[in-house]
Each structure stands twice: as structure tokens, then as C-alpha cells.
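# Structural overview for review
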Amino acid sequence: MSESSASPTPPSASVSESDPEVHEPPRSIAPTPQLSTRGLFLALATVCFVPLFGLSLYAVIFGKASEHELPVEILIDRRPLLTIEGNSKLLDDVVVVTNEADFEIPNITMNLNGQYFLYQDKPLAVGETLVLRQAAFATKSSQFWVPGRYPITEITVTGKLPTGARGVKEVQF
């Protein structure tokens, strides 16, 4: 074995005490703020208040949806409905919606207690009465309404008016 391989090598003498990189603190890779406190406050205020101002302006210009009354009559009833076989009728809990307008109402949506929904694809013709089983209403997670389990406290029916606005009819029970 040679002496040179066994002895440790002394530190390099080429690093100078006057080298500026030796005395600098390590560089940080953390993000640094680019906005002043005032700039950050203004940016956050803008992000919060511009949508609020926009929605308020929209509500003032177009009004609330409940201002456009939908001319329908809504009843809760028990009526005989045909069975699946079609040869007999059984008494069932239903929601009855009658169009009292002189125009047909497309895009009818209904909800029970604000949770159970039903969309009627076919427009409701002038004077037409729509009889729907309460058990046909379902939540967004496909849980169906069970008549008699809970009381119906409100029914909301919406539809498209000839002006293009969305008409609303709410009935509290």
C-alpha cells in the first residue's frame, strides 16, 4: 500500500477567504410576496365584490324568479290510476297540475319540499291537467318520495313563459 492512498487529503487551499460566494446565505426557494399589502387588499376586495355587484345588478335588471307568476293550479289528491297491467285502477297519492293560461307551458319542473324533483319533458297544453304519482318524485341521488312518510309542506312548479322568463308557482300546505 502506498502512503499517499492511506493519508487523508488536506482541504483545498484554492478556496479564498475573500470569495463572496462563501459568505452569502443559502438561496431560498420559497415564494416571496409580489404585491404590497395595499395591492393584496385591493385584489381580494375586487375578487369578493365584483361577483356580488354583478349578481345584484342582474337581480335588479331581471327581477326575482318569483315575480313571474306561472298560471297553474296545484292540488294534492288521491285518484285512481291504472295499474301496470292496465286492466284495473288503484287509488294512489298524486299531485295534480292544471294549466290555467291561454298558452302552453314547456319545460315544466316540479319539486316537493324542495328536495324531490320531477321534470316533465312534454309541454303542458292549454287547459291540460297533469296527474303525477307522488312516488315518481326523486332526489338527485335517486331516492324516491314515499307518500305518507313525511307531510308535503310545499310544492314548487316552474315553467317557461312566452316571454322566455321562468315562471314560478309556489304553494305552501
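Here the structure is a predicted model, which is why all the values come from computation and not from measurement. (Residues numbered from 1 in each chain as written. Predicted model: local features only at pLDDT ≥ 70, side-chain atom pairs only at ≥ 80, totals over all residues. Heavy atoms only, no water.)

### A closer look at the overall build of the chain
When its secondary structure is counted, the chain shows three helices and seven strands. Ordered by position from N to C terminus, the α and β elements of the chain give α-α-α-β-β-β-β-β-β-β. Buried positions account for 24% of the 173 residues belonging to the chain. Sequence separation of 24 or more characterises 51% of the internal contacts of the chain that already satisfy a separation of 6 or more. Entry remark: accessible area of the chain is about 13000 Å², with carbon and sulfur atoms responsible for 60%. (Helix = DSSP H or I, 4+ residues; strand = E, 2+ residues; numbered from the N terminus. Buried < 20%, exposed > 50% of the residue type's maximum accessible area, 1.4 Å probe, protein only. Contact = heavy atoms within 4.5 Å. Areas by Shrake-Rupley, 256 points an atom, 1.4 Å probe, with all protein chains shown as cover.)

### Comments concerning the sheet that holds strand 5 (residues 129–133)
Spatial ordering of the open sheet is given by 1-2-5, a layout of three strands whose pairing is antiparallel. Pairing within the sheet leaves two strands with one partner each, and these edge strands are strand 1 (72–82) and strand 5. When the angles between neighbouring strand axes are averaged without regard to direction, this sheet yields 35 degrees. In this sheet, strand 2 (residues 89–99) lies alongside strand 1 in antiparallel orientation, the contact comprising 11 bridges. In the strand pairing of strand 2, Val-72 is matched with Asn-99. (Pairing = 2+ DSSP bridges. Axes fitted to C-alpha atoms, helices over the stretch in contact; angles between N-to-C directions.)

### Digging into unusual backbone geometry
Non-glycine residue Asn-107 carries a positive phi angle of around 55 degrees. Looking at the element boundaries, Asn-107 is found in the loop between strand 2 and strand 3 (108–112). Overall, the relative accessible area of 29% leaves Asn-107 in the partly exposed class. Phi at Ser-142 takes a positive value of approximately 65 degrees, unusual for a residue other than glycine.

### Concerning the sheet that holds strand 7 (residues 166–172)
With antiparallel pairing, four strands are arranged side by side in an open sheet as 4-3-6-7. Edge positions in the sheet fall to strand 4 (116–120) and strand 7, since each of these pairs with one other strand and no more. Going across the sheet, the axis of each strand differs from the next one's by a mean of 15 degrees, ignoring polarity. For strand 6 (residues 154–160) and strand 7, the ladder comprises seven bridges, and the chain directions are antiparallel.

### Topic: the pairing of strand 2
Among the 11 residues of strand 2, eight are classified as buried, and the element is accordingly described as predominantly covered. What sits between strand 1 and strand 2 in their antiparallel hairpin is a turn of six residues, with Gly-86 showing a positive phi close to 85 degrees.

### Section: a nonpolar patch on the surface
On the surface, a nonpolar cluster with roughly 590 Å² of combined accessible area is contributed by Phe-53, Leu-57, Tyr-58, Ile-61 and Phe-62. Looking at where Phe-62 falls in the secondary structure, it is placed in helix 3 (residues 37–62). (Patch = residues over 30% accessible without salt bridge, like charges linked within 9 Å, V, L, I, M, F, W, Y side chains within 5 Å. Salt bridge = Lys/Arg side-chain N within 4 Å of Asp/Glu carboxyl O.)

### Overview of the pattern of salt bridges
Oppositely charged side chains are able to pair whenever their charged atoms sit close together. Within the structure shown, the criterion is met by five salt bridges. For the salt bridge of Arg-79 with Asp-77, the shortest nitrogen-to-oxygen distance reads 3.0 Å. The class of Arg-79 is partly exposed, set by a relative accessible area of 27%. When the shortest N-O distance is used, the salt bridge between Glu-128 and Lys-122 registers 3.7 Å.

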